[in-house]
Amino acid sequence: MQSILFVSADLETRADALRVAECLFPGKTLCFSDLNEACLADVAMVVADIDGASGKDLNAFKAKFDRHPGIQRLGLADFSKRKDQVQAKAIGVSEVVDRRTGTRQLVSMIRDQLGTYGQPLLAADTPENTAQAVMAGCAVLEDASVAAVLNSVLPIGAAATMHRKIGDALETDGLDALLEAVQSHHSHTFCHSMLVTVYAVAFAEALGLPEEERAFIGAGALIHDLGKVRIPLSILDKPGKLDDREMAVIKKHPVFGRELVEQRSDVPKKIVDMMVSHHEYLDGSGYPAGLTADQIGLDVRIITICDIYAALTERRSYKESYSPRQAFAVLLEMKGKIDQALLKQFRPVVFPADVNVPRRGASLRVASGG
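Residues numbered from 1 in each chain as written. Predicted model: local features only at pLDDT ≥ 70, side-chain atom pairs only at ≥ 80, totals over all residues. Heavy atoms only, no water.

An unreviewed UniProt entry lists the protein under the name HD domain-containing protein, from Roseibium litorale.

Peer 1: What is the right way to read the overall build of the protein from this model?
Peer 2: Looking only at helices and strands, the protein has 17 helices and five strands in total. Its C-alpha radius of gyration of 22 Å places the protein within 12% of the 21 Å reference for a compact globule of 370 residues. Based on the C-alpha atoms only, the size of the protein along its principal axes is roughly 70 × 45 × 40 Å. Sequence-distant contacts in the protein: of pairs separated by 6 or more residues, those separated by 24 or more amount to 68%. Carbon together with sulfur atoms contributes 50% to the accessible area of the protein, which is approximately 16300 Å² in total. The averaged location of the 48 negative side-chain charges in the protein is 4 Å from the averaged location of its 42 positive side-chain charges. (Helix = DSSP H or I, 4+ residues; strand = E, 2+ residues; numbered from the N terminus. Rg over C-alpha atoms; globule rule 2.2 N^0.38 Å. Contact = heavy atoms within 4.5 Å. Areas by Shrake-Rupley, 256 points an atom, 1.4 Å probe, with all protein chains shown as cover. Lys, Arg positive; Asp, Glu negative; His and termini not counted. Charge placed at Lys NZ, Arg CZ, Asp CG, Glu CD.)

Peer 1: What am I meant to see in the confidence of the model for the protein here?
Peer 2: Low pLDDT means the predicted atomic positions in that stretch should not be read closely. Averaged over every residue, the pLDDT of the protein is 91; residues scoring 70 or more account for 94%. Every residue in residues 354-368 is under pLDDT 50, and counting partners more than four places away or in other chains gives 34 contacts. (pLDDT = per-residue confidence, 0-100.)

Peer 1: Whenever I open this one, the side chain of Ser 277 confuses me. Can you help?
Peer 2: The residue Ser 277 is located in helix α14 (residues 269-277) in this model. Residue Ser 277 is classed as buried on the basis of its relative accessible area of 10%. Here Ser 277 is in contact with Leu 291, Val 300 and Thr 304, once residues within four sequence places are set aside. (Buried < 20%, exposed > 50% of the residue type's maximum accessible area, 1.4 Å probe, protein only.)

Peer 1: Got a minute to help me understand the packing of helix α5 (residues 128-149) against helix α9 (residues 188-206) in this structure?
Peer 2: When two helices pack together, their arrangement is captured by the angle between the axes and the distance separating the axes. The interhelical angle for the contact between α5 and α9, taken along N-to-C directions, is 115°, at an axis separation of 10 Å. The handedness of the crossing between α5 and α9 is right-handed. Only Phe 190, Ser 193 and Met 194 of α9 make contact with α5, whose side of the interface consists of Ala 133, Val 134, Gly 137, Cys 138, Leu 141 and Glu 142. Class assignment of the residues belonging to the contact of α5 with α9 gives a composition of six nonpolar, two polar and one charged. (Axes fitted to C-alpha atoms, helices over the stretch in contact; angles between N-to-C directions. Left-handed = near helix turned anticlockwise from the far one by under 90°. Nonpolar A, V, L, I, M, F, W, Y, C, P; charged D, E, K, R; others polar.)

Peer 1: In this structure, what is going on with the packing of aromatic side chains? I would like to understand it.
Peer 2: Describing an aromatic ring pair means giving the distance of the ring centres and the angle of the ring planes. Scanning the model with the defined rule gives eight aromatic pairs in all. Considering the side-chain rings of Phe 61 and Phe 65, the 4.6 Å spacing of their centres and the 40° angle between planes classify their relative orientation as tilted. Taken together, the residues span about one helical turn, with Phe 61 and Phe 65 both in helix α2 (residues 55-66) at a distance of four residues. With a relative accessible area of 1%, Phe 61 lands in the buried category. Seen from their ring centres, Tyr 117 and Phe 190 are 6.1 Å apart, and the 80° between their planes marks the pair as edge-to-face. You can see Tyr 117 sitting in the loop between α4 (103-114) and α5 and its partner Phe 190 sitting in helix α9, a full 73 residues away along the chain. When its relative accessible area of 4% is taken as the criterion, Tyr 117 is described as buried. On the accessibility criterion, Phe 190 (7% relative accessible area) is buried. Each residue in the set Tyr 199, Phe 203, Tyr 309 and Phe 346 is aromatic and connected to the rest through ring pairs, giving one cluster. (Phe/Tyr/Trp six-rings, centres within 6.5 Å; stacked < 30°, edge-to-face > 60°.)

Peer 1: When you look at the pairing of strand β5 (residues 95-98) in this model, what are you seeing that I'm missing?
Peer 2: Each regular strand shows side chains that alternate between the opposite faces of the sheet. Here strand β4 (residues 72-77) runs beside β5; their pairing, made up of four bridges, is parallel. Within β5, the residue paired with Gly 75 across the bridge is Val 96. Where the polypeptide runs from β4 across helix α3 (residues 82-90) and back to β5, its parallel neighbour, the crossover connection is right-handed. (Pairing = 2+ DSSP bridges. Right-handed = clockwise from strand over helix to strand, strands pointing away.)

As structure tokens, this is what we get:
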């Protein structure tokens, strides 16, 4: 998917509609004054919030994008000010949205023009059940992301059916086929959430948990990182290593997740717990609340193991992924932090032949998870 350029006069006062779009679609955010030719590489669309922009800013914007007619222009303006609407049209935007109330409309326009961000491009030889499971999971995850930022009803029912689709794919195609398909996704966020879901469903089946519990775990795994919709994709899908400021923002996602669902009666508490507490450790050293063992239930313990394992083994352009044995060794060294008895039951999920897993030295660092 090509990227979007989000432009405003002042990044601190940019429209909420722009902030939401930044979290749902790939792109970069700039001030009018920072626009240059280099910014336009691979850009399919520009969304300009003209509030506060000077005549000089707007004239320069029009001149620049008139030289790039293939880049679609959308505008945000204050509809209570006739002048703003006229100015938006004058700079060549094809559609103008009210910057105060047009968040839903802007998201819909971008999706209509550029397509959905959540769908992966799977290899032609991907097995049928695997393809169906991955496509369905990504569709639910994208619908959940959009619903979360627009304060609509979350697709919890659809998420709760994912364990069946993934279970069918596991039975017919095996774990490796699912992992390969999921890791073809262009988005780090979608890839990680789907990896955690695949591992969690496989783990729940291996534990022999009842159908209802598997449904909760599958749904909770799929949206465990939903709080990340409050974080721009420019950070989430950054091709390089995150800096300290960006990492601090990422670590807020469990709190963001709680804020998104705490007032929603349609989200079961079990799922809320998985969203908010999957970075908690048994010894109280986790976040965001510093919970201890007696406060952390089975579902959360399962998601935590799967989350860390997925983060260690998934492929990223800026880091070397750990082998399954290396990743499992890191989990073994987290004694006191994660449930070691449960971890032993996770081993046959990722090592079907139950091969002995060697311990590694302290040089292996613990991943932060998703």
